[in-house]
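What follows is each chain in one-letter form.
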Amino acid sequence: MGRDGKVVTMSQESQLTTALAEAAATAGHAPSLHNTQPWRWRVLPDALELRTVADRQLTATDPEGRLLAISCGAALHHARLALAAEGWRAVVERMPDPADRELLARLTTLTRVTADPDAMRMVQCMQIRHTDRRPVSDEPVPTAAIGEITRAVTTEGGRLQILDGDQVLELAAAAGHADTVEAEDPQLRAELAYWTSRAGTGTGLPPEVLPEQPPQTTVPARDFGHPGGLPIGPGHDRAAVYAMLYGDEDEPDSWLRAGEALSAAWLTATRLGVSLVPLSSVVEVEGTRQSLRHLLAGLGFPYLVLRLGIADPTHAGPPHTPRLTTEQVIDTTAVRGERG
Ligand SMILES: Cc1cc2nc3c(=O)[nH]c(=O)nc-3n(C[C@H](O)[C@H](O)[C@H](O)COP(=O)(O)O)c2cc1C
């Protein structure tokens, strides 16, 4: 018997738990701060739970867990799309238990619907989406693409402000200052060093995805503290568009939704051939996050800065960043023996 009293046959139950486990596995493609993948999924007979993993929070860089919740929100959006692509509609309960803050979301009341072709396309985009930290080419980002990416954000309840020339200069100053503050803080340096020396663990950033030398751009990209192995080529950020993802509240459930909006924006950008790179040092440092608030003229709270651009089409980009195995992120003990 299902929770709502409807009789559910054994094979339907196993179909559902298989779909839930596969959605959780697909969500493993989601982006996360320093590739921490700070989530764990629990497959239940009639629901899927998303929990944070406190061990993978960057306690110095992200003490409030803002970027952790954004990362988990991206994974949640990936799982929602994976279910829709397989013909399942789910009710999403965000932060369902005030007494259990690690339980971020529960996907529940699953019903069979027609598989959604848009969601299928987005699932394909998940397999190819990646962070390309090279400077962008001089090809402008089409205005229509900016419009679609902005709509993807608003559909998920977020907001995106495209920065004008003066605001980009303010952002550049803030990003430079944030890098200096972070480089001078031994705890932040140690955290960055830890997450950039995790070869073979399925987490963190391998050298191949980090630039060989700092790109000479107007808005400085994050300084990873040491050179990587990614050739950066001749690009700049003259044709890049900088945008701020923001919202009305500065609370964990709004950060989770911001992550869902980030995922929607990034997958849409991937579909349109637009490279998206989040820049988060400016929101990690309290002073520069306040500068960004000022830049928003009190319209809301900044969550993340995004660089949009067209990647160099003539040179290969970075490889995919490794991930944890499904066994490490998905707990299926509650449905053992039930999965088909
Ligand atoms: C909340 C958040 C903040 C991020 N901040 C940065 C950043 O400041 N600089 C950067 O180069 N990448 C940033 N990233 C990208 C991650 O490093 C990247 O998603 C992760 O390493 C996984 O790699 P992939 O996106 O290629 O799959 C961020 C991602 C998220 C979700």
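Summary of the structure given here. It should be emphasised that the depicted structure is a prediction, and the values quoted were computed from it without experimental measurement.

**Thoughts on the sheet that holds strand β4 (residues 103-112)**
Hydrogen bonds between backbone groups are what pair the strands of a sheet, and the pairing can be parallel or antiparallel.
And then number 1: Strand order in this open sheet of five strands is β3-β4-β2-β1-β9, and the pairing throughout is mixed. Two strands in the sheet have a free side with no partner beyond their single neighbour: β3 (88-94) and β9 (330-331).
And then number 2: As paired strands, strand β1 (residues 39-44) and strand β2 (residues 47-52) are joined by six bridges and run antiparallel to one another. By the bridge assignment for β2, Trp39 is matched with Thr52.

**Digging into the pattern of salt bridges**
And then number 1: Considering all chains together, one arrives at 20 salt bridges under this definition.
And then number 2: Asp118 is the salt-bridge partner of Arg121, the closest N and O atoms lying 3.7 Å from each other. Highlighted residues: Arg121 and Asp118, both in helix α3 (residues 117-128), separated by three residues, approximately one helical turn.
And then number 3: The partly exposed category is assigned to Arg121, whose relative accessible area is 40%.
And then number 4: A salt bridge links Arg134 to Asp132, with the shortest nitrogen-to-oxygen separation between them at 2.7 Å. No difference in accessibility class separates Arg134 from Asp132, as the two residues are buried.
And then number 5: Because the salt bridges share partners, they merge into one network encompassing Arg42, Glu49, Arg51, Glu93, Asp100 and Arg106.

**A closer look at the site of the ligand**
And then number 1: Around the ligand lies a shell of 22 residues, among which Arg129, Thr131, Arg133, Ser280 and Arg323 are the nearest.
And then number 2: Here a nitrogen atom of the ligand sits 3.3 Å away from a polar atom, N or O, in the main chain of Pro278.
And then number 3: One of the side-chain nitrogen or oxygen atoms of Arg323 is found 2.6 Å away from an oxygen atom of the ligand.
And then number 4: If you tally residues by element for the shell around the ligand, the top one is helix α2 (residues 66-85), at three residues.
And then number 5: Considered class by class, the residues forming the shell around the ligand number 10 nonpolar, eight polar and four charged.

**Remarks on the sheet that holds strand β5 (residues 159-162)**
And then number 1: If you walk across this open sheet you meet the four strands as β5-β6-β8-β7, and the pairing is antiparallel. Each of the sheet's edge strands pairs with one partner strand only, and the pair in question is β5 and β7 (275-279). Recorded for the sheet is a direction-independent mean angle of 30° between the axes of neighbouring strands.
And then number 2: Here β5 runs beside strand β6 (residues 241-247); their pairing, made up of four bridges, is antiparallel. Bridge pairing links Gln161 to Met244 in β6.

Parameters and conventions
- Residues numbered from 1 in each chain as written.
- Predicted model: local features only at pLDDT ≥ 70, side-chain atom pairs only at ≥ 80, totals over all residues.
- Heavy atoms only, no water.
- Pairing = 2+ DSSP bridges.
- Helix = DSSP H or I, 4+ residues; strand = E, 2+ residues; numbered from the N terminus.
- Salt bridge = Lys/Arg side-chain N within 4 Å of Asp/Glu carboxyl O.
- Buried < 20%, exposed > 50% of the residue type's maximum accessible area, 1.4 Å probe, protein only.
- Near = heavy atom within 4 Å.
- Polar contact = N/O pair within 3.5 Å; in protein donor to acceptor, adjacent residues only side chain to side chain.
- Nonpolar A, V, L, I, M, F, W, Y, C, P; charged D, E, K, R; others polar.
- Axes fitted to C-alpha atoms, helices over the stretch in contact; angles between N-to-C directions.

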